[in-house]
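Examining the three-dimensional arrangement
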Amino acid sequence: MPALYHWEPNTFYLKPLIALHEKGVRFSSHYIDPTATAFDIRPDCLDASIEVLNNPEREGPMLIESGEVICGSFFMLEFIADFYPGPELAPRDPMLYYRIQEIGQTLGVQLATLVGPLGCERYLLPKLRKRDAVQLNAALSAMEPVERRHVWQAVLDLEGNTQEFARLHSKLAGSLQEIESLLDASDWLVGEDYSIADIEVFSMIHSLPVLTPELLHPGCTPKIVSFLQRMQSRPAVRAALAMSRTGHPERCFVPGIEPSRWLGL
Amino acid sequence: MMAPERPVLYHWEPNSNPGKAMLILAEKGIDYEGHYVDLLAMEQHRPEYLALNPRGTIPTLVHGQNILTESTPMMEYIDAAFPGPRFTPGNAIERWRMRWWMRFFDSYLAPAISMGGWKRFIGPAALERDIGDIEAAIDRIPLEARRSAWHKALHDDFSEAELSESQRRYRYGLYLLEAHLCRFPWIAGNDYSLGDMNGFTLGYAFPSVQPDYCNDCKTPRIMDWLRRICARPAVRKTWSLGRTHLASRLEAITVKPDADKEGI
Ligand SMILES: N[C@@H](CCC(=O)N[C@@H](CS)C(=O)NCC(=O)O)C(=O)O
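Residues numbered from 1 in each chain as written. Chains lettered and ligands numbered in written order. Predicted model: local features only at pLDDT ≥ 70, side-chain atom pairs only at ≥ 80, totals over all residues. Heavy atoms only, no water.

Observations concerning the overall build of chain A
Regarding its fold elements, chain A presents 12 helices and four strands. Looking at chain A alone, contacts between residues at least 24 apart form 74% of all its contacts between residues at least 6 apart. Working note: accessible area of chain A is about 10,900 Å², and carbon and sulfur atoms make up 53% of it. (Helix = DSSP H or I, 4+ residues; strand = E, 2+ residues; numbered from the N terminus. Contact = heavy atoms within 4.5 Å. Areas by Shrake-Rupley, 256 points an atom, 1.4 Å probe, with all protein chains shown as cover.)

Quick look at the structure:
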């Protein structure tokens, strides 16, 4: 039976939860809180040590299948679609498949670099602020790999930085318009059928009606609003969201490593 | 398998993103119409090209009604849509590994490597071309990230911090790749795949650009991997299409450990 290491059903962690439920795969669920382990790595704690030692990305979900550690949430979706029997989650047509991968590589990465920091600013930063500054800095400078330290530092640096906040906000508005126009032709993002592209994008934006309601509402993104409803009515999506332990998965964010060209240096 | 219509590829040097599409087409033995887009003359930002690819990046593949502009997914498309040998592994775990590594090459290693290249080669070489008013040329670039890259290259405006962080990532990437090739003969596992082609369009330059960090002593697995790929006829054929000195970097791979390292 595959094992999934995941946190609250939001952003990166939500993707494999939905896909596994869609496929009807039985899996053992291992709940990890990356905002706790990030600052408190106990080598004797199995979850923390597996996460830290085996996940090259150090954060994000991890699926153990046939002894192999599968990581990278978009590639995990492709893997789940590919490996497990059950309903088709990805088209066989090469051009439609290209479009799914294009969404993963462009829109998916963009959303991660925007939604992550904005969510962290709202919900994680106030918690970090309550911690002892000296301890926090010590934990931060011990963080590996360096890229992960950079994205966590970037969250702390968002404090009071209205210019950067506005930049993220306006880029996110652009990404949402892109999604809105992809939904022009069909109910789903790629072709006529539901696919992992929908899971990818839904997972990244389902918190936005709460986080940035001014950017996502019937007046400005009607197609996205009904897309979210369509997604939320799927039993697999409900089952995935029901795995929340806090009752508020839409408030759970962690920076996440999404290196992009020359940026984030 | 769909009817193989003759594809058209807009490419630059057999290097990085354009190189990936050129190499898979050559490996599959597909006859294609190639158009060399001169990146250094900023031809990719001209209206004719933007009409095809509004992102203004190279490569672009046109196949019948389909227009593809993301090079890594493009490789998978070419492999699936055309007849010929397959370069996508037959099992799902190897396919996952191949894709994870391609993202690592695309998003981590390539940007780290490219910063030095843009500083030392692209910026100065473009300034020798007839690009007209530099600010106007930069303003025409559609993608914000590419605009900022060109601005830095044409004004030689790279900070010490970003250059040294790029170098650190380059070397860390070499370390991870060497460790990976200790576990597996090829990127995806047991067979040569799209992952190796993707990596090779960056890797062919390792020994000449980072001779102190990529050599037979420090990274024997990477050197062996590069030599195995370099021996493939499709690689020779693809690199013969290069028009700048970049393509000559292939030769540093074949230099054997005991040979004189001067002159690389
Ligand atoms: N995501 C695109 C990126 C393509 C890309 O940026 N290509 C470079 C050449 S390696 C380019 O077009 N540079 C031209 C420019 O920045 O103007 C892909 O993977 O194909």
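The rest of the description comes next.
Points about the overall build of chain B
Counting its regular elements, chain B contains 12 helices and four strands. Taken over the C-alpha trace, chain B has a radius of gyration of 18 Å; the compact-globule value for 264 residues is 18 Å, and the two agree within 12%. Dimensions along the principal axes, computed over C-alpha positions, put chain B at roughly 50 × 50 × 30 Å. Long-range contacts, defined as pairs at least 24 residues apart, comprise 70% of the intrachain contacts of chain B with a sequence gap of at least 6. Approximately 10,900 Å² of chain B is accessible, and the part contributed by carbon and sulfur atoms is 51%. The average position of the 32 basic charges and that of the 34 acidic charges among the side chains of chain B differ by 6 Å. (Rg over C-alpha atoms; globule rule 2.2 N^0.38 Å. Lys, Arg positive; Asp, Glu negative; His and termini not counted. Charge placed at Lys NZ, Arg CZ, Asp CG, Glu CD.)

Description of the interface of chain A and chain B
Chain A puts 39 residues into the contact, and the matching count from chain B is 41 residues. Summed over both partners, the interface of chain A with chain B buries about 3,400 Å², with 60% contributed by carbon and sulfur atoms. Where chain A meets chain B, there are three salt bridges. Arg99(B) serves as the salt-bridge partner of Glu78(A), at 3.6 Å between the closest nitrogen and oxygen. Sorting the residues of the side of chain A that touches chain B by element identifies β4 (68–71), α4 (73–83), α5 (94–129), α7 (146–157) and α8 (162–182) of chain A as the ones contributing at least two each. Sorting elements by how many residues they give to the side of chain A that touches chain B places α5(A) first, with 10 residues. In the side of chain A that touches chain B, the residues fall into 18 nonpolar, nine polar and 12 charged. (Buried area = accessible area lost by both parts, 1.4 Å probe. Salt bridge = Lys/Arg side-chain N within 4 Å of Asp/Glu carboxyl O. Nonpolar A, V, L, I, M, F, W, Y, C, P; charged D, E, K, R; others polar.)

Focus on the pattern of salt bridges
Following the criterion strictly, the structure yields 25 salt bridges over all chains and no others. One salt bridge in this structure joins Glu88(A) and Arg92(A), with 2.9 Å as the shortest N-O distance. Here Arg228(B) ties to Asp224(B) by a salt bridge, and the two come within 3.1 Å at their closest N and O atoms. In this pair, Arg228(B) and Asp224(B) are both assigned in helix α10 (residues 220–230), four residues apart and thus about one turn of the helix distant. By relative accessible area, Arg228(B) is classed as partly exposed at 28%. Counted as one network, the salt bridges with shared partners bring together Glu78(A), Glu76(B) and Arg99(B). (Buried < 20%, exposed > 50% of the residue type's maximum accessible area, 1.4 Å probe, protein only.)

Notes on the sheet that holds strand β2 (residues 33–36) of chain B
Residues and elements named next belong to chain B. Across the sheet, four strands lie side by side as β2-β1-β3-β4; this open sheet has mixed pairing. Edge positions in the sheet fall to β2 and β4 (66–68), since each of these pairs with one other strand and no more. Shown here is a sheet whose adjacent strand axes are inclined to one another by a mean of 15°, direction ignored. Bridge count for strand β1 (residues 8–11) against strand β3 (residues 60–63) is three bridges, and the pairing is antiparallel. Among the inter-strand pairings, Tyr 10 is bridged to a residue of β3, identified as Thr 60. (Pairing = 2+ DSSP bridges. Axes fitted to C-alpha atoms, helices over the stretch in contact; angles between N-to-C directions.)

A short note on the site of the ligand
Residue and element names in this part refer to chain B. Taken together, 16 residues sit near the ligand, with Gln 44, His 45, Ile 58, Ser 71 and Trp 150 positioned nearest. The contact in question runs from a nitrogen atom of the ligand to an N or O atom on the side chain of Asn 17, over 3.4 Å. Arg 146 places a side-chain nitrogen or oxygen 2.8 Å from an oxygen atom of the ligand. Among the secondary structure elements, those contributing two or more residues to the shell around the ligand are α1 (16–28) and α6 (144–154). No other element matches the three residues that α1 contributes to the shell around the ligand. For the shell around the ligand, the per-class residue count stands at six nonpolar, seven polar and three charged. (Near = heavy atom within 4 Å. Polar contact = N/O pair within 3.5 Å; in protein donor to acceptor, adjacent residues only side chain to side chain.)

Considering the nonpolar core
Residues Ile179(A), Ile205(A), Phe200(B) and Phe206(B) are the most contacted members of the largest nonpolar core, which totals 162 residues. No other element matches the 19 residues that helix α4 (residues 92–128) of chain B contributes to this core. Residues Tyr5(A), Ile32(A), Met62(A) and Val69(A) belong to the second largest nonpolar core, which totals five residues. (Core = buried A, V, L, I, M, F, W, Y, C linked by side-chain atoms within 4.5 Å.)

Details of the packing of aromatic side chains
According to the stated counting rule, one finds 23 aromatic pairs over all chains in the structure shown. Geometrically, the ring pair formed by Trp188(A) and Tyr194(A) is edge-to-face, given 5.1 Å between the ring centres and 65° between the ring planes. What makes Trp188(A) buried here is its relative accessible area of 12%. Look at Tyr194(A) and you get buried, because its relative accessible area is 11%. Pairing Tyr10(B) with Tyr49(B) gives two aromatic rings, centres 6.0 Å apart and planes at 70°, and the pair type is edge-to-face. With Tyr10(B) in strand β1 and Tyr49(B) in helix α2 (residues 47–52), the pair connects residues that are 39 residues apart, well separated along the chain. One Lys or Arg, Arg234(A), reaches over the ring of Tyr194(A) and ends 3.5 Å from the middle of that ring. If you follow Arg146(B) out to its NZ or CZ, it ends over the ring of Trp118(B), 5.0 Å from the centre. (Phe/Tyr/Trp six-rings, centres within 6.5 Å; stacked < 30°, edge-to-face > 60°. Lys NZ or Arg CZ within 6 Å of the ring centre and 35° of its normal.)

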